[in-house]
Amino acid sequence: MPSVPRPDDCDTMPSHHEGESLHDHVDIRIARGMFGFSGAGEPSGDNTTQLWARMPAVQHDAGALAILADYMPSSLGNAFGQLMSCTSIDNTIRIAERADSEWVLCDNHIEYVGNGFGYGVVNMWNEDGSLLATASQSMIVRNWD
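Okay, so let's go over this structure.

All right, on to the overall build of the chain then. Secondary structure summary: the chain contains 2 helices and 9 strands in total. N-terminal to C-terminal, the α/β element order of the chain is β-β-β-β-β-α-α-β-β-β-β. Since a compact globule built from 145 residues should have a radius of gyration of about 15 Å, the 14 Å found for the chain is in line with a globular shape. For the C-alpha atoms alone, the extent of the chain along its principal axes is close to 40 × 35 × 30 Å. Within the chain, the proportion of its 145 residues that are buried is 43%. A fraction of 65% describes how many contacts in the chain between residues 6 or more apart in sequence connect residues 24 or more apart. For the chain, the exposed surface amounts to about 7,100 Å²; the carbon and sulfur share of it is 47%. Charged side chains of the chain number 7 positive and 20 negative; the gap between the two group centres comes to 3 Å.

Here it is as structure tokens:
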């Protein structure tokens, strides 16, 4: 697990959606990097962001982890240092361990962007440092020159 500040020491990610949505039930704290759909945080200078995430109203089971993994594309903006948008093509999650944790650290990496497509991975850790899941996603990249 990467060494990052604890969730209480990180900035809260402001809501970036208009109207009511599932995202209203997810609490995100930016540990490192920029949330590339809203511009919150500071670009890390590389293709990596770390976000603490939790869904206080639900247990972090496989379904909840899949929802949290879907925040990985927000790392596109961090990689380019600007707001970005994308459309998911696929999303694969592999559950490693079942462990209760209030917070999940999402260690996001953009692996490739080119020809209008992008690919990224996320490793998801519980607060004690156990790997909960790993996920990958392919996407169509928008707003890229």
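Now for helix 1 (residues 62-69). Given 3.6 residues per turn, any residue in an α-helix points the same way as the ones three and four places further on. Restricting attention to buried positions, one finds in helix 1 the residues Ala-64, Leu-65, Leu-68 and Ala-69. Viewed end-on, helix 1 has its buried residues packed into an arc of 140°, placing them on one side of the element. Buried positions along helix 1 lie against strand 5 (48-54), strand 6 (85-95), strand 7 (104-114), strand 8 (117-126) and strand 9 (131-142).

As a further point, take the pattern of salt bridges. In total, this model carries 6 salt bridges according to the counting rule given. With its nearest N and O atoms 3.1 Å apart, the salt bridge here joins Glu-127 to Arg-6. Placement of the pair is Glu-127 in the loop between strand 8 and strand 9 and Arg-6 in the segment before strand 1 (11-12), with a sequence separation of 121 residues. For Glu-127, a relative accessible area of 24% corresponds to the partly exposed category. With a closest N to O distance of 2.2 Å, Arg-54 and Glu-102 form a salt bridge. In this pair, Arg-54 sits in strand 5 while Glu-102 sits in the loop between strand 6 and strand 7, placing the two residues 48 residues apart along the sequence.

The tally for this structure, following the rule as stated, stands at 1 aromatic pair. Ring geometry for Phe-35 and Tyr-71: centres 6.2 Å apart, planes at 50°, overall tilted. Taken together, the residues Phe-35 in strand 3 (residues 34-35) and Tyr-71 in the loop between helix 1 and helix 2 (75-80) connect sequence positions 36 residues apart.

It is worth spelling out the environment of Gly-116 at this point. Structurally, Gly-116 can be placed in the loop between strand 7 and strand 8. Considering only alpha carbons, one finds Gly-116 and Arg-142, 26 residues apart in sequence, at a separation of 7.2 Å.

Okay, the environment of Glu-97 next. Tracing the backbone shows Glu-97 in the loop between strand 6 and strand 7. For the pair Glu-97 and Gly-41, spaced 56 residues apart in the sequence, the C-alpha separation amounts to 30 Å. Beyond its immediate stretch of four places on either side in the chain, Glu-97 contacts Ser-130, Leu-131 and Leu-132.

Now for the pairing of strand 9. Summarising the sheet, strand 6 and strand 9 pair through 10 bridges and their orientation is antiparallel. By the bridge assignment, Thr-87 is partnered in strand 9 with Ile-140. Relative to strand 9, strand 8 runs antiparallel, the two sharing 9 bridges. Note on strand 9: the bridge partner recorded for Asn-123 is Thr-134. What sits between the antiparallel neighbours strand 8 and strand 9 is a turn of 4 residues, in which Gly-129 has the positive phi angle 95°.

Rules of the game
Note that residues are indexed from 1 along each chain, following the sequence as it is written. Side-chain atom pairs in this predicted model are given and counted only at pLDDT of 80 or more, local residue features only at pLDDT of at least 70, and totals for whole chains, interfaces and linings cover all residues. With hydrogens and water excluded, all non-hydrogen atoms of the structure serve as input to the side-chain values. Only DSSP runs of H or I with at least four residues qualify as helices, and only runs of E with at least two residues qualify as strands; both kinds are numbered from the N terminus onward. Each radius of gyration reported is based on C-alpha atoms, and the globular scaling rule is 2.2 Å times the count of residues to the power 0.38. Here the term buried applies to any residue with accessible area under 20% of the maximum for its type, exposed to any over 50%, and partly exposed to those in between, with areas from a 1.4 Å probe on protein chains only. Only heavy atoms matter for contacts: two residues are in contact if any of them lie within 4.5 Å across the pair. Methods summary: accessible areas were calculated by the Shrake-Rupley approach with a probe of 1.4 Å, and residue burial reflects only the protein chains presented. This count recognises Lys and Arg as positive and Asp and Glu as negative, with His and chain-terminal groups excluded. For this purpose, a charge sits on NZ of Lys, CZ of Arg, CG of Asp or CD of Glu. Working definition: the arc comes from the directions between the helix axis and the C-beta atoms, pointing outward to the latter. What counts as a salt bridge is simple: a side-chain nitrogen of Lys or Arg found within 4 Å of a carboxyl oxygen of Asp or Glu. Two aromatic rings from Phe, Tyr or Trp, using only the six-membered ring of Trp, form a pair when their centres are within 6.5 Å; if the ring planes differ by under 30 degrees the pair is stacked, by over 60 it is edge-to-face, and anything between is tilted. A strand pair is defined by DSSP finding two or more bridges across the two strands.

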